[in-house]
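A closer look at the structure
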Amino acid sequence: MTSTLPIKVNFFEESQKYEEQIIKDRRYLHQHPELGFDLPNTQKYIRQRLDEMGIENKPCGVVPEEIAKKYARAGFGLQENCTGVVATIGKGEPCILLRADMDALPLEEEYESEYKSKVPGKMHACGHDSHVAMLLGAAQMLKDHEDKLQGTVKLMFQPGEEWGYGSKLMIDDGLLENPKVNAAFAIHIMPDQEAGSLSVTKGTVSQAMDTYIVEIQGNGGHSSQPHKTIDANMIMNQLYTSLNLLYTREVDPKASVTFSIGAMSGGTVTNIIPDKAVLQGNMRSFDQQSRDHMCKRIPEMIDHIVKAWRGEYNIVDFHTPTTHNNPEFIDEVMPALEAVVGKENVMDHGCLGGSEDFSHISQAVPSAFVVLGTGKEGQPPVHNPRMHQNEDTFKYGAALHANVAMEWLKAQHK
């Protein structure tokens with residue numbers, strides 16, 4: 001009697017067949033970095049590659065006018081277009097989403113290679129180029145075995161991760177519907193983590209990030225006549241002190257919360273009391289209750305202090321929640337992860353120090369966000385102009401994506 005059960009695919013072996021193409025994709029993207037939401041060349045390249053594979057794809061994401069203006073006011077430039085891409089392989093239920101981010105950073109690359117960035121002042125220093133290449137590799141393998149998929153795989157290529165909002169733009173444009181997404185998986189590389197190792201953490205895996213840019217309007221004048229002015233610099237400094245003290249008196253010391261003022265600007269010369277000043281602060285947190293309290297109190301503190309000194313103000317704020325790894329979903333995909341990298345290479349390095357835009361996805365559906373080592377301890381970390389990776393590890397990422405999708409869909413029918 002012939003078995004009707006799907007044949008198990010060794011995606012790690014198959015990924016080696018496509019390794020040259022994965023590296024080629026990554027090198028092209030590394031040489032042509034783009035920033036923010038609007039990544040036209042990157043989108044074009046991804047869609048061409050998906051078309052070559054015969055994979056149905058379409059643009060996804062819209063930038064509302066108020067969001068575009070907010071980011072422009074914050075110094076990110078006016079970007080009115082969102083160039084996310086969504087694609088599907090297979091059909092029917094359930095549906096698992098695989099995600100890759102694709103934006104770069106405003107850095108001048110200092111690492112010399114034959115595929116060094118060709119765009120001055122821009123660099124893929126966070127590995128998003130490799131994320132895209134690995135997912136394209138997985139897409140090819142899943143397309144090769146589309147007849148074995150017991151459901152739908154949705155591919156998400158998102159812009160604006162470094163801005164903390166690209167995935168939200170895609171969600172608002174229907175990313176998680178038609179077909180409805182039941183679970184999501186994402187990989188982030190780490191160049192200072194041992195190549196081929198995989199860090200998997202249950203529960204909270206990245207910090208929430210809440211940013212406040214306060215534009216203070218005073219009434220400038222001569223430094224010899226401060227009584228005739230409303231000193232924007234003085235108000236800014238009052239805010240600096242008060243906001244830095246706030247969490248030390250209103251948040252449980254056992255909760256991991258930090259608040260930092262990253263930039264202050266106001267004035268031009270010593271004998272002019274400035275008319276305007278700008279303060280930029282950033283809070284990081286893991287604990288939701290503490291975050292909720294501080295997100296309520298920070299605007300209150302700003303309002304009271306500025307008004308106490310007769311100033312006016314405007315706040316530009318951005319909010320990215322924590323990324324949550326669903327423990328049950330982690331348990332479900334763990335065998336698929338171990339099958340690719342080996343059980344001995346799966347570990348738990350704990351929560352990341354930064355924030356991650358995949359958080360918007362993880363708050364909506366059961367998710368897993370894992371970290372793949374692509375170098376070794378002591379190498380330049382992400383967001384460093386000398387960051388580089390071991391290209392031999394990219395095949396692991398492609399195999400992880402494909403194996404998780406195939407095996408999780410299969411398990412849902414048991």
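Quick look at the structure, then. (Residues numbered from 1 in each chain as written. Predicted model: local features only at pLDDT ≥ 70, side-chain atom pairs only at ≥ 80, totals over all residues. Heavy atoms only, no water.)

Description of the sheet that holds strand S8 (residues 208–217)
What the four strands build is an open sheet, ordered S10-S12-S8-S13; its pairing is antiparallel. Either end of the sheet is taken by a strand with one partner, and the two such strands are strand S10 (257–266) and strand S13 (312–320). Strand-to-strand, the axes of this sheet are offset by a mean angle of 15 degrees, without reference to chain direction. In the sheet, S8 pairs with strand S12 (residues 276–285) via ten bridges, with the strands oriented antiparallel. Bridging across to S12, Ala208 finds its partner in Ser285. On the sheet, helix H4 (residues 65–73) packs against S8 and S13 and is oriented at approximately 110 degrees with respect to S13. Along the sheet, helix H8 (residues 288–308) contacts S8, S10, S12 and S13; its crossing angle with S13, the most-contacted strand, is approximately 165 degrees. (Pairing = 2+ DSSP bridges. Helix = DSSP H or I, 4+ residues; strand = E, 2+ residues; numbered from the N terminus. Axes fitted to C-alpha atoms, helices over the stretch in contact; angles between N-to-C directions. Contact = heavy atoms within 4.5 Å.)

Brief notes about the sheet that holds strand S4 (residues 152–158)
Strand order in the open sheet formed by eight strands is S1-S2-S4-S3-S5-S16-S6-S15, and the pairing between neighbours is mixed. This sheet does not close on itself; its edge strands, each paired only once, are strand S1 (56–60) and strand S15 (346–347). Bridging between strand S3 (residues 95–101) and S4 involves seven bridges; their strand directions are parallel. Along S4, the bridge assignment pairs Asp101 with Gln158. Helix-sheet contacts for helix H5 (residues 128–144) involve strand S2 (84–90), S3, S4, strand S5 (183–194) and strand S16 (367–375), and the interaxial angle to S3 is about 145 degrees.

As for unusual backbone geometry
What is expected of a backbone is that most residues other than glycine have negative phi and most peptide bonds are trans. Across the junction of Glu93 and Pro94, the peptide omega takes the value -5 degrees, indicating a cis bond. With respect to the helices and strands, Pro94 occurs in the loop between S2 and S3. The omega angle of the peptide bond from Asn178 to Pro179 is 0 degrees, so this bond is cis rather than trans. Within the secondary structure, Pro179 is located in the loop between helix H6 (166–172) and S5.

Concerning the side chain of Ser197
Within the fold, Ser197 resides in the loop between S5 and strand S6 (198–199). Relative accessible area serves as the criterion here: at 4%, Ser197 is assigned to the buried category. Among the polar contacts made by the side chain of Ser197, one reaches the main-chain carbonyl oxygen of Glu194 at a distance of 2.6 Å. (Buried < 20%, exposed > 50% of the residue type's maximum accessible area, 1.4 Å probe, protein only. Polar contact = N/O pair within 3.5 Å; in protein donor to acceptor, adjacent residues only side chain to side chain.)

Some points on the packing of helix H7 (residues 232–250) against H8
Look at H7 against H8: their axes get within 10 Å of each other, and the N-to-C directions meet at 150 degrees. Between H7 and H8, the angle falls in the class roughly antiparallel. For the element pair H7 and H8, the recorded crossing hand is right-handed. Contacts between H7 and H8 involve Ile235, Gln238, Leu239, Ser242, Leu243, Leu246, Tyr247 and Glu250 on the former and, on the latter, His293, Met294, Arg297, Ile298, Met301, Ile302, Ile305 and Val306. Its residues assigned to classes, the contact of H7 with H8 shows eleven nonpolar, three polar and two charged. (Parallel < 35°, antiparallel > 145°, perpendicular 65-115°, else oblique. Left-handed = near helix turned anticlockwise from the far one by under 90°. Nonpolar A, V, L, I, M, F, W, Y, C, P; charged D, E, K, R; others polar.)

Thoughts on the state of the cysteines
The final tally for this structure, using the stated rule, is zero disulfides. The closest cysteine sulfur to the non-disulfide-bonded Cys82 is located on Cys60, 7.0 Å from its own sulfur. What makes Cys82 buried here is its relative accessible area of 9%. Of all cysteine sulfurs in the structure, the one in Cys126 sits closest to Cys351, which takes part in no disulfide; the separation is 17 Å. (Disulfide = S-S within 2.5 Å.)

Section: helix H9 (residues 327–341)
The terminal C-alpha atoms of H9 lie 20 Å apart, and with 15 residues this matches the ideal 21 Å at 1.5 Å per residue to within 8%. Most pronounced at Val333, the bend in H9 amounts to some 45 degrees, and the proline Pro335 follows within four residues. Every buried residue belonging to H9 is among Phe329, Ile330, Val333, Met334, Ala336, Leu337, Val340 and Val341, and all of these are buried. Of the residues that open H9, the one with a side-chain oxygen 3.1 Å from the backbone nitrogen of Glu328 is Asn326. Two residues or fewer after H9 comes Gly342, characterised by a positive phi angle close to 90 degrees. (Expected span 1.5 Å × (residues − 1). Bend = angle between axes of the 7 residues up to and from the residue.)

Scope: geometric values only; no functional claims are made or implied.
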